[in-house]
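Fold and contact review
What follows is each chain in one-letter form.
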Amino acid sequence: ARRSWRERLSGSGFAKSLSSLFVRHPKLDDDLLDELETALITADVGVEASTSLVEGLRQRMHKREFADSAALLASLRAELIALLKPVERPLDVGTHAPFVVLTVGINGVGKTTTIGKLARRYTDEGRSVVLAAGDTFRAAAVEQLKTWGDRNKVAVISQGQDADSASVIFDALQTARARGVQVMIADTAGRLHTQGGLMDELGKIARVMKKLDPAAPHEVLMVIDGTTGQNAINQVRQFLQIVGVTGLVVTKLDGTAKGGVVFALAREFGLPIRYVGLGETATDLRTFDAEAFVDGLLP
Ligand code: GDP
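A brief report on the enclosed structure follows. Given the structure is predicted, the values throughout are model-derived calculations rather than measurements. (Residues numbered from 1 in each chain as written. Predicted model: local features only at pLDDT ≥ 70, side-chain atom pairs only at ≥ 80, totals over all residues. Heavy atoms only, no water.)

Quick look at the site of the ligand
The ligand sits among 18 residues. The nearest are G108, K111, T112, T113 and E280. Between the ligand and G108 there is a distance of 2.6 Å, counted from an oxygen atom to a backbone nitrogen or oxygen. For the ligand, the protein covers 80% of the area, taking 590 Å² as the surface of the free molecule. Of the residues belonging to the shell around the ligand, the class tally is 3 nonpolar, 9 polar and 6 charged. (Near = heavy atom within 4 Å. Polar contact = N/O pair within 3.5 Å; in protein donor to acceptor, adjacent residues only side chain to side chain. Areas by Shrake-Rupley, 256 points an atom, 1.4 Å probe, with all protein chains shown as cover. Nonpolar A, V, L, I, M, F, W, Y, C, P; charged D, E, K, R; others polar.)

See the structure below:
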């Protein structure tokens, strides 16, 4: 499993820029650290985090704590892992039945794909799953969800066009409870006409869920696109004003030059990063693993 992270991430722009840097600068000097700082900032690790990380390394280098660049690299690895460890908190869907996951996030980030991948993962683990087609704003979203459902033999609860999202999700939760299903994953609209509209809708969804289970939703999972860098940070900030996000999924980390955003997210919000998307197929959603992620990026 470790090797597969490396395979997926080593081709990413971020990993490439880090490894070429250590090839071009075999010697330990300030140039190496300057370029490292630039590489981290360019990858959207965030200016503050990048600067403080590199300054720490610089002081230790000047104190001659590193014998060679391999020693510096080992220290960089440890510090990057330390930044991510606090957000490595996997989602346990076994604590309630049905465990209700409400997925949120703007269109195009990979929300529907992620729901499909989750359905596959939980079924592979031997759990029963129901999907709720709550993105009633976009007809294509319902169809896409049904395709994932068919492929993985998972029931998708939907209603006709222009159905009310809260009503679809209420229905689905009722069905899930009646059938003794273990996990329900609800899709929601990625954009309504206004932020107020989205807030009202998500609020209503949470309210109707609570009629059936006062503890639901058990997870509000926000999906963000890792290729959008700093913009992903702004999206999380906006959604936190709308709904109580409890976990993140960062998608499309395969191949992006902006993978540093994972560090920025960890630092900025401290929200658990539940999963990361490392590709388009059903098995490309991984439980977030700080060490595997960092090792995939470093040379
Ligand atoms: P939604 O609008 O948020 O529901 O987005 P979709 O689920 O339709 O995904 C948008 C595009 O992103 C699709 O082409 C997906 O195949 C692609 N995608 C989703 N997750 C990943 C990922 O982890 N890696 C890559 N490379 N592509 C992804």
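Comments concerning the side chain of K117
Topologically, K117 is positioned in helix α6 (residues 111-124). Put simply, K117 is tucked away with no salt bridge, and the nearest opposite charge, on D284, sits 5.7 Å away. Leaving out residues up to four positions away in the same chain, K117 has contacts with W148, G277, G279, E280, T281, A282, D284 and L285. (Helix = DSSP H or I, 4+ residues; strand = E, 2+ residues; numbered from the N terminus. Buried < 20%, exposed > 50% of the residue type's maximum accessible area, 1.4 Å probe, protein only. Lys, Arg positive; Asp, Glu negative; His and termini not counted. Salt bridge = Lys/Arg side-chain N within 4 Å of Asp/Glu carboxyl O. Contact = heavy atoms within 4.5 Å.)

With respect to helix α10 (residues 230-242)
Among the residues of α10, those classed as buried are A232, I233, Q235, V236, F239 and I242. In the core, the buried residues of α10 are packed alongside β1 (99-104), α9 (195-212), β5 (219-225), β6 (247-251) and α11 (261-269).

A closer look at the sheet that holds strand β2 (residues 129-132)
What the 8 strands build is an open sheet, ordered β3-β2-β4-β1-β5-β6-β7-β8; its pairing is mixed. Among the strands making up the open sheet, the edge pair consists of β3 (155-157) and β8 (285-287). The average angle at which neighbouring strand axes cross in this sheet is 25°, direction not considered. As judged from the 5 bridges shared by β5 and β6, these two strands associate in the parallel manner. Note that in β6 the partner of I224 across the bridge is V250. In the packing of helix α8 (residues 165-178) onto the sheet, the strands contacted are β1, β2, β3 and β4 (183-186), and the crossing angle to β4 comes to about 170°. (Pairing = 2+ DSSP bridges. Axes fitted to C-alpha atoms, helices over the stretch in contact; angles between N-to-C directions.)

Some thoughts on the packing of helix α5 (residues 69-84) against helix α12 (residues 290-297)
Running from amino to carboxyl end, α5 crosses α12 at an angle of 140°, the nearest separation of the two axes being 9 Å. Regarding the angle of α5 to α12, the classification is oblique. In this structure, α5 crosses over α12, and the sense of that crossing is right-handed. Note on element contacts: α12 touches α5 through A290, E291, F293, V294 and D295, opposite R77, L80, I81 and L84. Tallied by class, residues from the contact of α5 with α12 come to 6 nonpolar, no polar and 3 charged. (Parallel < 35°, antiparallel > 145°, perpendicular 65-115°, else oblique. Left-handed = near helix turned anticlockwise from the far one by under 90°.)

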